[in-house]
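# Observations on the three-dimensional arrangement
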Amino acid sequence: MNQTNTQMDMMKLGRLLTWALVVAMPLWFGSCKKEGGGGDLVTPNSVEGSWKISGIKLKQGTQTQDYLEVMKQYVGEGVIDCLTDTKITFNSNSKITGVASPKCQTDNADDISPVSDTSTWKVTGNKLTITDGDGSTSTYDLTLNGGTMTWGIDAQEDLDGDGKDDNYTTIIEFKRA
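Worth saying up front: this structure is predicted, and the values here are computed from it rather than measured.

Cut-offs and rules
- Residues numbered from 1 in each chain as written.
- Predicted model: local features only at pLDDT ≥ 70, side-chain atom pairs only at ≥ 80, totals over all residues.
- Heavy atoms only, no water.
- Helix = DSSP H or I, 4+ residues; strand = E, 2+ residues; numbered from the N terminus.
- Buried < 20%, exposed > 50% of the residue type's maximum accessible area, 1.4 Å probe, protein only.
- Contact = heavy atoms within 4.5 Å.
- Areas by Shrake-Rupley, 256 points an atom, 1.4 Å probe, with all protein chains shown as cover.
- Polar contact = N/O pair within 3.5 Å; in protein donor to acceptor, adjacent residues only side chain to side chain.
- Salt bridge = Lys/Arg side-chain N within 4 Å of Asp/Glu carboxyl O.
- Disulfide = S-S within 2.5 Å.
- Phe/Tyr/Trp six-rings, centres within 6.5 Å; stacked < 30°, edge-to-face > 60°.
- Pairing = 2+ DSSP bridges.

## What about the overall build of the protein?
A tally of regular secondary structure across the protein gives three helices and nine strands. Secondary structure elements of the protein occur, N-terminal to C-terminal, as α-β-β-α-α-β-β-β-β-β-β-β. The buried share of the protein, reckoned over its 177 residues, is 37%. Restricting to contacts in the protein with at least 6 residues of sequence separation, those with at least 24 account for 60%. When the accessible surface of the protein is summed, it comes to about 9,500 Å², and 48% of that surface belongs to carbon and sulfur atoms.

## Details of the environment of Thr 139
Looking at the element boundaries, Thr 139 is found in strand 7 (residues 137-145). Taking C-alpha positions, Thr 139 is 9.7 Å from Trp 121, a pair spaced 18 residues apart along the chain. Every residue in contact with Thr 139, bar those within four places of it in the chain, is listed here: Lys 127, Leu 128, Thr 129 and Ile 153. At 3.2 Å, the side chain of Thr 139 forms a polar contact with the side chain of Thr 129.

## Here we look at the environment of Asp 165
Tracing the sequence through the fold places Asp 165 in the loop between strand 8 (148-157) and strand 9 (166-176). Considering only alpha carbons, one finds Asp 165 and Ala 155, 10 residues apart in sequence, at a separation of 9.2 Å. Excluding residues that lie within four positions of it along the chain, Asp 165 makes contacts with Gln 156, Glu 157 and Asp 158. Side-chain polar atoms of Asp 165 contact the backbone nitrogen of Asp 158, separated by 3.5 Å.

## Considerations on unusual backbone geometry
One non-glycine residue with positive phi stands out, namely Ser 94, at about 70°. Of note, Ser 94 is situated in the loop between strand 3 (87-90) and strand 4 (96-99). Classification of Ser 94 as partly exposed rests on a relative accessible area of 29%.

## Quick notes on the pattern of salt bridges
On inspection of all chains with the given rule, the structure shows four salt bridges. Between Asp 141 and Lys 127 there is a salt bridge, with the nearest N and O atoms lying 2.2 Å from each other. Note that Asp 141 is positioned in strand 7 and Lys 127 in strand 6 (residues 127-131), a separation of 14 residues in sequence. Note on Lys 127: relative accessible area 35%, which makes it partly exposed.

## Some points on the state of the cysteines
For the structure on display, the rule yields one disulfide. Each sulfur in the disulfide pair Cys 82 and Cys 104 lies 1.8 Å from the other. Its S-S torsion of about 90° marks the bond between Cys 82 and Cys 104 as right-handed, since a negative value means left-handed. Of this pair, Cys 82 sits in helix 3 (residues 77-85) while Cys 104 sits in the loop between strand 4 and strand 5 (120-124), placing them 22 residues apart in sequence.

## A few points about the packing of aromatic side chains
Considering all chains together, one arrives at four aromatic pairs under this definition. The interplanar angle of 50° and the centroid separation of 4.7 Å between the aromatic rings of Trp 151 and Phe 174 together place this pair among those described as tilted. Residue Trp 151 is located in strand 8, and its partner Phe 174 is located in strand 9; the two are separated by 23 residues in the primary sequence. Residue Trp 151 is classed as buried on the basis of its relative accessible area of 0%. The rings of Phe 90, Trp 121, Tyr 140, Trp 151 and Phe 174 are connected pair by pair, giving a single aromatic cluster.

## Observations regarding the pairing of strand 2 (residues 63-66)
Bridge count for strand 1 (residues 49-60) against strand 2 is four bridges, and the pairing is antiparallel. Paired with Leu 58 across the bridge in strand 2 is Gln 65. Connecting strand 1 to the antiparallel partner strand 2 that follows it, the hairpin turn spans two residues, and Gly 61 within it adopts a positive phi of roughly 65°.

Limitation: the analysis is restricted to geometry and does not speak to function.
Okay, here's the thing in structure tokens:
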């Protein structure tokens, strides 16, 4: 019975890891692209400018888990270092560019596929919509506070295998680069 619970926990964690990577993929656009010019625009309380991921958390009910720590166990510290040191720039023309970190040297970094370099962004009220080059969109709840930006997205998935969807929120935190 104990082994079965452990296997179920691993399956839940695997599904959650897969979903979180899909959610995080829009953050990875341009991870292999060199910077093509254009200075950073630093406007307080604006998405415009350059950012680096500083944290990813999963919140279910009153429990919050540091998802970067969980990911580190499965994809390795090198991938996390690459993810958190890659600069993502939200340009004033609504285009997104990125500069891969020199820390992106691990073989596991390729496991997180980048989204098209032709991604765009749009803010409407407190919602941020990222549109990938293929037309797919992701919309996040957006909070800006000077040098900190936070995205939140709600999801449902049967995390505990009981046949009922569980509600949880992925929270992605950024700091100005």
